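An overview of the molecular structure
Residue strings, one per chain:
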Amino acid sequence: MKRHITVFNPSITPWILLKAVFTGNGDEFCRNWFSNHTQKKHVLITSSCRNALWLAYRAYGIHAEVITTPLICYSALESALSAGQYLHFCDLAERSILMDEELITECIGENTGFIQATHQGGQMVNMRKIRSIADHHDLRVIEDCAQAFGSHRDGIQAGLLGDVACFTLSKNCYGLGGGILATNDKDIYLKAKSLQDELPHFSHKLLVFRMVRYLLETYSGNFLADLLFAMMMGHRDKRLKLPGYINGDKIKRTKPSRLFAMLFKVQQPRFEALHQQTSCLANKIIQALDRLGIPSFTSMEQSSYPKFFFSHQSFKSERMIPELVHEGIEAKHLENSYGSPLQPRIEESGISEFSSGLERCRNYAYLYDKIVNLPLHHAMSDEQTDYLTETLHKIIHAKDSH
Ligand SMILES: Cc1ncc(COP(=O)(O)O)c(C=O)c1O
């Protein structure tokens, strides 16, 4: 199927890869950069954000309840679960894709140990509020910044106020993988590091697969690149089983490849310009949706654009995401996996056995099947943004006339 608009553009060219290989000490640069960015003394480079989250939970060495949001991709939840934690879901705020901080206090029980402050789609939860609740109840805050690199709210950067801040080096760091665990707690850092030292190395095969995949994604729109990409992903999807969200054994925990930090060093000078371009396109799309009479039910305004969520009363995710994909628009739901446009409800995922609180999440239940993650990246053309908004409008209105 034609991919007119890909969900994201990794912006990795052969030149960037070559520069990364010859860049020298990426680790030190990356650690210093994040230490400065998060104002935290200790920074561990990990093989992904989910590994950073898992290491953080394991490093605390306790099994407790984690208060978090239900409306998120499973990669944000599986780490706590596979580190032996239990989840308690806190509902979303009205007309928001974020957990309602006002409800956190009533979610706290005698087994609560953590708040996983998960920012989403570049929008940040209120970290000042969460910090003060956590301090009051002696809870640890694990800040999941995978969807908030470069975001800020009320003058606070994502990653600043969590006890541990976790980032991904993919998404809008334009890397091939990798993650960050940043903390001021030396004990937690040392425990996380020694746990990571015991893990196997990152697979070379997977690294080569990602290099080829991301190069092809960067050149999407080119006939040959699209053909090779479809063949490659088709072959992979046949071999892949459904990920084990709960069974930690099925998820590979590894040390990071040194290439992750090297790529970060090479891509970092480009971030500002790439983020600026993306932000201009986002504003254009938001204005076009307003003009077309389909403004999003939840805000699309944000300070960074790793994902771009649109929701609407008349949008039916289960039916309309495949329709968008059929029109060549690589829309996603909550999860980013290739070929899976709809993430199952928590109730159907097996996670509910290891969690509580979902029955009180009415805003989540309402929004779950009215939301879509639209493609958005710096490399989109004006024609593509027009095509995106017009197709969305057409699909929503076709439903209205049914
Ligand atoms: C909120 C959130 N947390 C964690 C992750 C996992 O990030 P990574 O792919 O680096 O493991 C993701 C990835 O999509 C995410 O969106």
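My aim in this report is to walk through the structure given alongside it, one point at a time. (Residues numbered from 1 in each chain as written. Predicted model: local features only at pLDDT ≥ 70, side-chain atom pairs only at ≥ 80, totals over all residues. Heavy atoms only, no water.)

Looking now at the sheet that holds strand 3 (residues 86-89). Read from one edge of the open sheet, eight strands run 1-9-8-5-4-2-3-11, paired in mixed fashion. The open sheet has two edge strands with one neighbour each: strand 1 (42-46) and strand 11 (355-356). Relative to strand 5 (residues 140-144), strand 4 (residues 112-118) runs parallel, the two sharing five bridges. Residue pairing for strand 5: Phe114 is matched across the bridge by Arg140. (Pairing = 2+ DSSP bridges. Helix = DSSP H or I, 4+ residues; strand = E, 2+ residues; numbered from the N terminus.)

All right, on to the packing of helix 3 (residues 49-60) against helix 7 (residues 186-197) then. Two elements in contact, helix 3 and helix 7, have axes whose closest approach is 8 Å; the angle formed by their N-to-C orientations is 115°. Our pair here, helix 3 against helix 7, has a crossing hand that is right-handed. Residue-level contacts link Leu55, Arg58, Ala59 and Tyr60 of helix 3 to Ile188, Lys191, Ala192, Leu195 and Gln196 of helix 7. For the contact of helix 3 with helix 7, a count of residues per class yields six nonpolar, one polar and two charged. (Axes fitted to C-alpha atoms, helices over the stretch in contact; angles between N-to-C directions. Left-handed = near helix turned anticlockwise from the far one by under 90°. Contact = heavy atoms within 4.5 Å. Nonpolar A, V, L, I, M, F, W, Y, C, P; charged D, E, K, R; others polar.)

Buried residues of helix 1 (residues 14-21): Ile16, Leu17 and Ala20, and no others. Take helix 1 and look down its axis: the buried residues cluster within an arc of 100°, on one side only. Across from the buried face of helix 1, at angles greater than 90 degrees, the exposed residues are Trp15 and Val21. Those residues of helix 1 hidden inside the fold are in contact with helix 8 (204-218) and helix 10 (258-267). (Buried < 20%, exposed > 50% of the residue type's maximum accessible area, 1.4 Å probe, protein only. Arc of directions from axis to C-beta.)

In this section: the pattern of salt bridges. Counting across every chain of the model gives 17 salt bridges. Between Arg213 and Glu217 there is a salt bridge, with its nearest N and O atoms 3.6 Å apart. Taken together, the residues Arg213 and Glu217, both in helix 8 and four residues apart, mark about one turn of the helix. The residues Arg213 and Glu217 share a single accessibility class, namely buried. Notably, a salt bridge pairs Glu323 with Arg319, separated by 3.2 Å at the nearest N-O pair. (Salt bridge = Lys/Arg side-chain N within 4 Å of Asp/Glu carboxyl O.)

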